[in-house]
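Structural overview for review
Below, each chain spelled out in residue letters.
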Amino acid sequence: MKRLTAYGFLMLLLLSGCGAQLSPDEAQESIQVIAMDTAMLITTYGERSPAAAYACEDTIRDLEKKLSRTDPDSEVSRLNNAGTLEDSESELRSILIQAGQYCQKTGGAFDITVAPVVAAWGFAGGDGYRVPSQKELDRLLELVDGFAVKGNGQTLSLGPGQSIDLGAIAKGYAADKLVGVFQEYEVPRGLAQLGGNVLAYGDRPDGTPWRVGIQDPAKPDDQNAFAGVLELTDAFAVTSGGYQRYFEENGKRYHHIIDPATGYPADSGLTSVTVAAGISDGSGAMCDALSTALFIMGEEKALDLWRHWDGTPFELVLVTEDGRVVVTEGLADRFTPDESGGYAYETVS
Amino acid sequence: MPMRPSPKLRPTAWDALVVLCVAALAIGLAVFQWRGGTQESLTAVVSVDGEEIDRVSLERAAGKRTYQAGAYTLTVEYAAGSARVLSSDCPTQDCVHTGIITRSGQSIVCLPARIIIRLEGGAAKDGGVDAVLG
Amino acid sequence: MKPTTKQLTLCALLTAMALALSYLENLFPLSLAIPIPGVKLGLANIVTLFALYALGPGQALLILLARCFLGALFAGNMNALLFSLLGALSALGVMILLSRLRGLSLYGVSAGGAAAHNCGQIAAAMLTLGNSAPLYYLPVLLAVSLLTGGLTGLASACLFRGLRSTNLMKG
């Protein structure tokens, strides 16, 4: 009897083990978060996917609490209101240091102190859009100088009258943090869409790369119109374009990416810029900051910067007003053109 | 203390009936889920601040519905297989600019109202994309 | 009805054994073989089953409640209490009903109880998460419960066979 029991025990274990094997990938969790002025969608896989997804939400909410311009208690608001902040946390300092680097490397095309100008256009949220007078812009442009943001130990300070907006780097920084969350929770794969920022972590459940479409800037209303599709594994990609947040006045269209040099929406001949880079420390923030800056700089300067870049390598997809899609060499074999858009495709090196 | 009936210690034919009932329940549930999983039609899920407030099947046109959230009112038009925001009194109009969505995974977002309209279910995303940049 | 000292002692002993068995089965995590949440052998069910026949539904319920509360307390995880309570109460409820059916043996009662246990846990998961996603696991859990239920039935049958000669079963 004893032996029979033991055999029965074993058999049952084996049977149940074989019959009910489920892939851990089937466990998956998707959450939507409205934060940082955008809608975020995060999908995590693996056995700990629900916990990981909620940890992602906490991370984002925590960042937003520190970086929000609208929350009067945030570190950024306190810095903006007082001009100095004595007890800043390392997180904000780290973002400001990165912002300073990209400001310098892009010749001021990326500048977090452009905030007062952006606010004058109404793109900082609130009362709706308007075209500021040239006089007003001239006055506000004098406040724009990314190098006036200083840090000394824990103390941060702005130039007189300055204010900062981290909207063009915060989501990329958040994407960097999510990589840390994914690693902590041993998420085998995941996809995070943070309003124009995509973190493609690992590969798809079927083992192929994540397929990320680049919206056709000429058809912003058609969600199935792509300038092309990127195949990404363990990568960040960020697109900046002027086709989604805009308003029209007297028949002219004004979009939300303000050139710190002119105070006007950037008019560089590009309709969208996509920056992609592999996952490494700080590369999410880099992609975010560069996508804005290169959109302002235009095709020629953008490609120049790409050729002479000495930091973490990145690749580009530029869509131009005259109907071309320019793909940099390193991305060419991971980029599929979408012929229906009528674009001429070029690969540059 | 009354004597309790001593339990039967050898399996009986009635035990098989219990096993059959449980097995039938398991198989029935599995079949139900499997059918539901593959044949689930395209559905628009409307949420405010992450909280689901409406769910509209897009198998056939479902007309217009209005949603109020925060201080704003959105009118959404549901056609067979697609959804779009017809009008909104939000200041940014981003949701109206988003246009028509037709595929599972696509969404329309109205930030001022904190409304997300997202499509779920429908045909597998063959040839489609997992995420959209822009 | 006031319990006799013997019954009280037996209740305490059975509670301790149920707790020990719960701990023991954590040493053999069945969820390694079947990687879905909620899969376990349910050895503590042997005690519930025994108590049900030896002491009656009332005291079986008391033992079960003590086991759930103490188990959650020892594990320092009060969140798990809802899961174990809903699971164990459903199991006991179904087993009380099934044990009234004269045609059924321990195996049938045990299998029914194991299946009910899983239903209760899934219900708890659905309550906690606020959606019906956990229902997805139920078919597999039910299939597994037939096996684990049969196993605990077998163990209980051996137990009763061994105790037949003692006076424990006579109250």
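Predicted, not measured: the structure shown is a model, and the values here were computed from it.

When you go through chain B residue by residue, the secondary structure sums to two helices and eight strands. When the helices and strands of chain B are read in sequence order from the N terminus, they spell out α-β-β-β-β-β-α-β-β-β. Looking at chain B as a whole, 39% of its 134 residues qualify as buried. Considering only residue pairs separated by 6 or more positions, chain B has 28% of its internal contacts joining residues 24 or more positions apart.

This part covers the packing of aromatic side chains. Residue and element names in this part refer to chain A. Enumeration over the complete set of coordinates arrives at 14 aromatic pairs over all chains. Consider the rings of tyrosine 45 and tryptophan 210, whose centres lie 6.1 Å apart with planes at 50°: the pair is tilted. Here the residue tyrosine 45 occupies a position in strand β2 (residues 38-45), and tryptophan 210 occupies one in strand β8 (residues 210-215), the gap between them amounting to 165 residues. Accessibility expressed as a relative area gives 9% for tyrosine 45, which makes it buried. Tryptophan 210 gets classed as buried once you look at its relative accessible area, which sits at 3%. One cation-aromatic arrangement involves lysine 105 over tryptophan 309; the distance from NZ or CZ to the ring centre is 4.7 Å. One Lys or Arg, arginine 253, reaches over the ring of tyrosine 246 and ends 3.9 Å from the middle of that ring.

So, about the confidence of the model for chain B. Summarising the model, chain B shows a mean pLDDT of 82, and 87% of its residues fall at 70 or more. Within chain B, strand β4 (residues 72-79) of chain B carries the highest mean pLDDT (92), whereas helix α1 (residues 13-39) of chain B carries the lowest (82).

Next up on the list: the pattern of salt bridges. Residue and element names in this part refer to chain A. With the rule as written, the count across this model stands at 25 salt bridges over all chains. One salt bridge connects arginine 48 with glutamate 186, and the closest N-O pair in it is separated by 3.2 Å. Of the two residues, arginine 48 is situated in the loop between β2 and α2 (49-67) and glutamate 186 in the loop between α7 (170-184) and β6 (190-194); the sequence distance between them amounts to 138 residues. By relative accessible area, which is 39% here, arginine 48 ends up partly exposed. Looking at glutamate 186, the relative accessible area reads 61%, which means it is exposed. The partner of glutamate 91 in a salt bridge is lysine 177, with the nearest N and O atoms 2.5 Å apart. Here glutamate 91, found in helix α4 (residues 90-105), pairs with lysine 177, found in helix α7; they are 86 residues apart in sequence, far enough to count as distant. Residue glutamate 91 is classed as buried on the basis of its relative accessible area of 9%. Judged by its relative accessible area of 28%, lysine 177 falls in the partly exposed class. What you see here is one network of salt bridges that share partners, running through Asp62, Lys66, Glu89, Glu91 and Lys177.

The rules behind these values
- Residue positions are counted from 1 within each chain, in the order its sequence is given.
- Note on labels: chains are lettered from A, ligands numbered from 1, in written order.
- With the structure being a predicted model, the display of local features is reserved for residues of pLDDT at least 70 and the display and counting of side-chain atom pairs for 80 or more, all residues being used for whole-chain, interface and lining totals.
- Note: side-chain values were computed over all heavy atoms of the structure, leaving out hydrogens and water.
- Think of it this way: any DSSP run of H or I at least four residues long counts as a helix, any run of E at least two long counts as a strand, and we number them from the N terminus.
- Between buried and exposed lies partly exposed: a residue is buried under 20% and exposed over 50% of the maximum accessible area for its type, with that area taken using a 1.4 Å probe on protein chains only.
- Only heavy atoms matter for contacts: two residues are in contact if any of them lie within 4.5 Å across the pair.
- Between the rings of Phe, Tyr and Trp (Trp by its six-membered ring), a pair exists once the centres lie within 6.5 Å; its type follows the angle of the planes, with under 30 degrees stacked, over 60 edge-to-face, and the other angles tilted.
- By definition here, charges over rings are those cases where NZ of Lys or CZ of Arg is within 6 Å of the ring centre and within 35 degrees of the ring normal.
- Confidence of the predictor at the level of single residues is given by pLDDT, which spans 0 to 100.
- The salt bridge definition used is simple: a Lys or Arg side-chain nitrogen within 4 Å of an Asp or Glu carboxyl oxygen.

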